[in-house]
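The lines below spell out each chain.
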Amino acid sequence: MNLDVIVNLLVNGLATGMLIFLLASGLSLIFGLMDVLNFSHGGLFAWGAYMGVWVYVSTGSFLLAVVGAVLGGVAIGFILERWIIRPIYGNHLQQILVTLGVMLVLSELLKVFWGPNPLNAAVPPYLDGSWQLGGIILIKYRLFIIIVGILLLVGIQLLLTRTKLGLVVRAGVLNKEMVQALGYNIKRIFSIVFMLGAGMAALGGVLLAPYSGVIFSEMGMQFAILAFIVVVIGGMGSVQGSAVASVLVGLSGAFMAYYVPDLSLAVNMLLMVLVLLIKPSGLYGLKR
Amino acid sequence: MTLLKVEEIETYIEQYHILQGISFEVLKGEITVLFGRNGAGKTTTLRSVMGLSPISKGQITFRGENIGSLPTYEIARRGIGYVPEDQGIFKDLTVEENMRISILKRDESALEKLEWILNLFPDLKTLWHRKSGLLSGGQKQMLALARAYVGDNELLLVDEPSKGLAPIMVEKVMQAIEQMKEKTTVVLVEQNFFMASTIGDRFYIVDEGRIVHHGLMQELKEDEDARKKYLGIA
Ligand SMILES: Nc1ncnc2c1ncn2[C@@H]1O[C@H](COP(=O)(O)OP(=O)(O)OP(=O)(O)O)[C@@H](O)[C@H]1O
Ligand SMILES: [Mg+2]
C-alpha cells in the first residue's frame, strides 16, 4: 500500500466526516430534545451551498459567503420551526411526511431561484492548491474543512458543557418534563437548537460547495442519508456520538470508495445494523 | 394564609377521566398530606397542579393568582417546586449540574438556600461532582428534594419520597422534610401513614379521583374508624 494514498484517503474521509457531522449533530439534538424526526435538514444543506455560492460570486468574499449562508440557514430554520415543525410536535408520521415534503419544496425552490442546471463553485484563491510534505500531496481546502469541523466540534462541546443553555439542552434530552418543571420554556430552547442546527447544516453546504466544485439542488440528499446513519450509529441526542460516528462513516466511505467502490454505502448500512444489534440506542445513546 | 387552593379540578389522561373533582387547600408553612391507595389519583393531582397533566375543569389558585391554564414552566416560575415519584433526576448530569439547573437566578438568597440545604444533606456535598445516575436511591431522593428547594420556591410538591427506600432512609427523608418545613410549604403524597402522620399538619384522602375525607392530621391519628375505613389500617 502506498502511504500517499492512505494519507489522502484519511484526509478525504475526515473532511467528509466533518461535513456529515455538521448535519448530524443538529439532527441528533433536534431528535434528542423534542423527538422530532426532521428530514428537511438536507434541504438546508443545499440552501447553504447555493446561498454561499451566490454571495461568493457577487461579493468575491468567501468569508461573507460563509456568514451569509449560515445566517440564511438560521433564518430558514426559524421559519421552518415556527410554522411547520411546531404544529406537528409529537406526531412522527406527520413529521416524516411533512419534513420530506419540505425537503422537496426547498430543493424545487432552489431551481426556481437559480435555475435547473448545476452551478460551479470555486475554491477561494488563498485556500486553493496543495502542500507537498515529503512526497505526499495535501489539498489545502480539505485540511481547511477538517480544521473548521474540529473548531465547531470544540465550540459545540463548550456550549453544551460550559453554558446554562447547554446545561438545559443536555437536561432536556434526558427529561423534558422535569426541565419545564424547573421553570424553563422547552419550546423556546428547542427553537434555538433548531436554528443552530439549521445554521450548521447550511455551513456544511457552503463548505462542501468548493470541495465538490459543483452544486445542484438535490445535493443534500446523499449527505442527509449519511447524517441519518450517523445519528443512529452515534445515538440520538448525543453530539459526541455524532462526532465519532461521522468520522467513522466518513473514513469508511473514503476507504471503501477507493478499494471497493460498489460497497461504500452498503458498508455504512452494515455498520448501522451492527451497532443497532449490539447497542440499539447507538454508541453514545442515552438510556432514558 | 391560603397559599394554594385547588377547586373541583377534573383531569383526563387521553380518554380516561382520572380526576373527577378534586379540591384541597394548602396553608402557608404547613405540610399537607395526600393519602390514597395505588391508582387513586395522587400523582395525577400533583401533575395537574404543575400543569403537566392539564386540567379540563376547575380552578387552581396560587398566591391569589389563577394558574390553572398556565404552561408548566410558568407555574414553576411562580414558585412551585416539584419532586416527582421517580425523582426526575437528570442521570447523566452531575449532582452539581442537577442543582445548578434549578437555580434560575444566582443571587444571595439562592446561595443561602443552597448552603442551608447542603447542611441538611451533607452527603450531597461529598457527591458533588458524581454523576447523579450513580447515586443510591436515598441519595437520589435527597438530591431531588434539594433541587426543588433551591429553586426560588414557596411551595414544594413531593410525590411519595419514601417509595423504595429502606426504613431507616425513610425516616431520614421524613425528618429532612420536617426541617424543610421551617423554610417552605409542602404538599406530600404518601402511602406510609405512620411516617406521614408524624410530620403532617393536615390530610386529604384521595380515592378514585375524588377527595373522600380530610381534616387535621391530629384528628386522623385519633380516629381509628376513619383510618380503617379509608386507609385500611388500624
Ligand atoms: N398515562 C396514563 N394513561 C392511562 N391511565 C393513566 C395514565 N397515568 C395514570 N393513569 C391512571 O390514572 C389513575 C391515577 O393514577 P396516579 O398515578 O395518579 O395514581 P397514584 O394515586 O399516584 O397511584 P400510586 O400510589 O400507585 O402512585 C390510575 O388508575 C392510573 O392507571
Ligand atoms: Mg403516584
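Residues numbered from 1 in each chain as written. Chains lettered and ligands numbered in written order. Predicted model: local features only at pLDDT ≥ 70, side-chain atom pairs only at ≥ 80, totals over all residues. Heavy atoms only, no water.

Defined as follows: UniProt positions are given in the numbering used here, feature names are shortened, and annotations may be inferred rather than shown by experiment.
Looking at an unreviewed UniProt entry, chain B carries the name Branched-chain amino acid transport system ATP-binding protein, with the source organism given as Paenibacillus sediminis. In its Sequence similarities (unreviewed entry) section, the UniProt record describing chain B reads: "Belongs to the ABC transporter superfamily."

The name an unreviewed UniProt entry gives chain A is Branched-chain amino acid transport system permease protein, with Paenibacillus sediminis as the organism. What the UniProt record of chain A gives under Sequence similarities (unreviewed entry) is the line "Belongs to the binding-protein-dependent transport system permease family. LivHM subfamily." The heading Subcellular location (unreviewed entry) in the UniProt record of chain A holds the text "Cell membrane".

## Some remarks on the overall build of chain B
Spelled out, the test is: Only runs of H or I of at least four residues qualify as helices and only runs of E of at least two qualify as strands under DSSP, and these elements are numbered from the N terminus. With a 1.4 Å probe rolled over the protein chains alone, any residue whose accessible area is under 20% of its type maximum counts as buried; one over 50% counts as exposed, and the rest are partly exposed. Residue contacts are counted whenever heavy atoms from the two residues lie within 4.5 Å of one another. Note on areas: Shrake-Rupley with a 1.4 Å probe; residue coverage comes only from the protein chains shown. This count recognises Lys and Arg as positive and Asp and Glu as negative, with His and chain-terminal groups excluded. To locate a charge, take atom NZ for lysine, CZ for arginine, CG for aspartate or CD for glutamate.
Helices and strands together make up the secondary structure of chain B, namely 10 helices and 10 strands. Its C-alpha atoms put chain B at 45 × 40 × 35 Å along the principal axes. Looking at the 234 residues of chain B, the share that counts as buried comes to 53%. Put simply, 69% of the contacts in chain B that link residues at least 6 apart link residues at least 24 apart. By element, 47% of the accessible surface of chain B is carried by carbon and sulfur atoms, the whole surface being about 10500 Å². Distance between charge centres in chain B, computed from 29 positive and 34 negative side chains, equals 4 Å.

## Some words on unusual backbone geometry
All names here are of chain B. Residues other than glycine seldom take positive phi values, yet Arg63 does so here, at roughly 50°. Its place among the elements puts Arg63 in the loop between strand E4 (55-62) and strand E5 (65-66). With a relative accessible area of 46%, Arg63 lands in the partly exposed category.

## Considerations on the packing of helix H4 (residues 108-120) of chain B against helix H6 (residues 137-150) of chain B
Residues and elements named next belong to chain B. We count it as follows: Axes, fitted as lines to C-alpha atoms, cover a helix only where it is in contact. Angles between the N-to-C directions of the axes lie from 0 to 180 degrees. We call two directions roughly parallel when the angle between them is under 35 degrees, roughly antiparallel when it is over 145, roughly perpendicular when it lies between 65 and 115, and oblique otherwise. Working rule for handedness: look at the near helix, and if it is turned counterclockwise from the far one by less than a right angle, call the crossing left-handed; if clockwise, right-handed. Lys, Arg, Asp and Glu make up the charged group, whereas Ala, Val, Leu, Ile, Met, Phe, Trp, Tyr, Cys and Pro make up the nonpolar group; the residues left over, Gly among them, are polar.
Contact pair H4 / H6: the axes reach a minimum separation of 9 Å and the direction vectors enclose 160°. As judged from the angle between their axes, H4 and H6 are roughly antiparallel. Judged by the twist between their axes, the crossing of H4 over H6 is right-handed. Residues Lys113, Leu114, Trp116 and Ile117 of H4 pack against Ala146, Tyr149 and Val150 of H6. Partitioned by chemical class, the residues of the contact of H4 with H6 number 6 nonpolar, no polar and 1 charged.

## Comments concerning the coordination of the magnesium ion (ligand 2)
Operational definition: Donor atoms (N, O, S) are those found within 2.8 Å of the metal centre, with the cutoff raised to 3.2 Å for Na, K and Ca; water is not part of the atom list, so apparent gaps in a site can occur.
Within the protein, the magnesium ion (ligand 2) binds to Thr43(B) (OG1), Glu85(B) (OE) and Glu85(B) (OE); these donor distances fall in the range 1.9 to 2.8 Å. Here Thr43(B), found in helix H1 (residues 42-50), pairs with Glu85(B), found in the loop between strand E6 (80-83) and helix H3 (95-100); they are 42 residues apart in sequence, far enough to count as distant.

## Quick look at the UniProt feature "transmembrane region" (unreviewed entry) in chain A
Residues and elements named next belong to chain A. Summarizing the sequence annotation, UniProt attributes the feature "transmembrane region" (unreviewed entry) to residues 6-24, 36-56, 62-84, 96-114, 134-160, 189-209 and 266-286 in the numbering used throughout. Split by type, residues 6-24 is 100% helix and 0% strand. Its first and last C-alpha atoms lie 26 Å apart. In residues 96-114, helix accounts for 100% and strand for 0%; the two terminal C-alpha atoms are 27 Å from one another.

## Things to note about the pattern of salt bridges
Side chains that carry opposite charge are capable of pairing whenever their charged atoms lie near each other. Residues and elements named next belong to chain B. This is how it is decided: Here, a salt bridge means any Lys or Arg side-chain nitrogen found within 4 Å of an Asp or Glu carboxyl oxygen.
Evaluation of the coordinates by the stated rule reveals 17 salt bridges over all chains. The salt bridge partner of Arg202 is Glu30, with a shortest N-O separation of 2.7 Å. With Arg202 in strand E9 (residues 202-207) and Glu30 in the loop between strand E2 (16-27) and strand E3 (31-35), the pair connects residues that are 172 residues apart, well separated along the chain. Here Glu30 falls in the buried class, since its relative accessible area comes to 16%.

## Examining the sheet that holds strand E1 (residues 2-13) of chain B
All names here are of chain B. We apply this condition: We call two strands paired when DSSP finds no fewer than two bridges between them.
Taking strand neighbours across the sheet as the criterion, the 4 strands line up as E2-E1-E4-E5 in an open arrangement whose pairing is antiparallel. Of all strands in the sheet, those with a lone pairing partner are E2 and E5, marking the two edges. Note that E1 and E2 share 9 bridges and pair antiparallel. Its bridge partner lying in E2, Thr2 is registered against Leu27. Packing of H1 onto the sheet brings it into contact with E1, E2 and E4, and relative to E2 it is tilted by some 70°.

## Quick notes on the UniProt feature "domain: ABC transporter" (unreviewed entry) in chain B
Per the UniProt annotation, the sites labelled "domain: ABC transporter" (unreviewed entry) are residues 4-233 of chain B. Along residues 4-233 of chain B one finds 38% helix and 28% strand; the C-alpha atoms at either end are 29 Å apart.

## As for the site of ligand 1
Residues and elements named next belong to chain B. The cut-off we apply is this: Note on terminology: near, applied to a residue and a molecule or strand, indicates that one of the residue's heavy atoms is within 4 Å of it. Polar contacts, as used here, are pairs of N or O atoms within 3.5 Å; protein pairs need one atom able to donate a hydrogen and one able to accept it. Residues neighboring in sequence count only if both atoms are side-chain atoms.
Surrounding ligand 1, one finds 14 residues, the nearest of these being Gly39, Lys42, Thr43, Thr44 and Glu85. Contacts to ligand 1 include Gly39, whose backbone N or O atom sits 2.8 Å from an oxygen atom. Interatomic distance of 2.5 Å between a side-chain N/O atom of Thr44 and an oxygen atom of ligand 1. Alone, ligand 1 offers 630 Å² of accessible surface; in the complex the protein occludes 63% of this. Put simply, the parts of the chain that give the shell around ligand 1 at least two residues each are E2 and H1. The biggest single contributor to the shell around ligand 1 is H1, with 3 residues. Split by residue class, the shell around ligand 1 holds 4 nonpolar, 6 polar and 4 charged.

## Considering the interface of chain B and chain A
Our working rule: Accessible-area loss on putting two parts together, using a 1.4 Å probe and summing over both, is the definition of buried area adopted here.
Counting residues at the interface gives 22 residues for chain B, matched by 17 residues for chain A. Buried surface at the junction of chain B and chain A, both sides included, amounts to about 1800 Å², of which 65% is carbon and sulfur. Looking only at chain B, the three residues that lose the most surface to chain A are Tyr73(B), Phe90(B) and Ile101(B), adding up to 32% of its buried area. Joining chain B to chain A, the criterion identifies 2 salt bridges. With a closest N to O distance of 2.8 Å, Glu97(B) and Arg170(A) form a salt bridge. Taken together, the links from chain B to chain A amount to 7 residue pairs in polar contact (both at pLDDT 80 or more). Secondary structure elements with two or more residues in the side of chain B that touches chain A: H1, helix H2 (72-77), E6 and H3 of chain B. Ranked by residues supplied to the side of chain B that touches chain A, first place goes to H2(B) with 4 residues.

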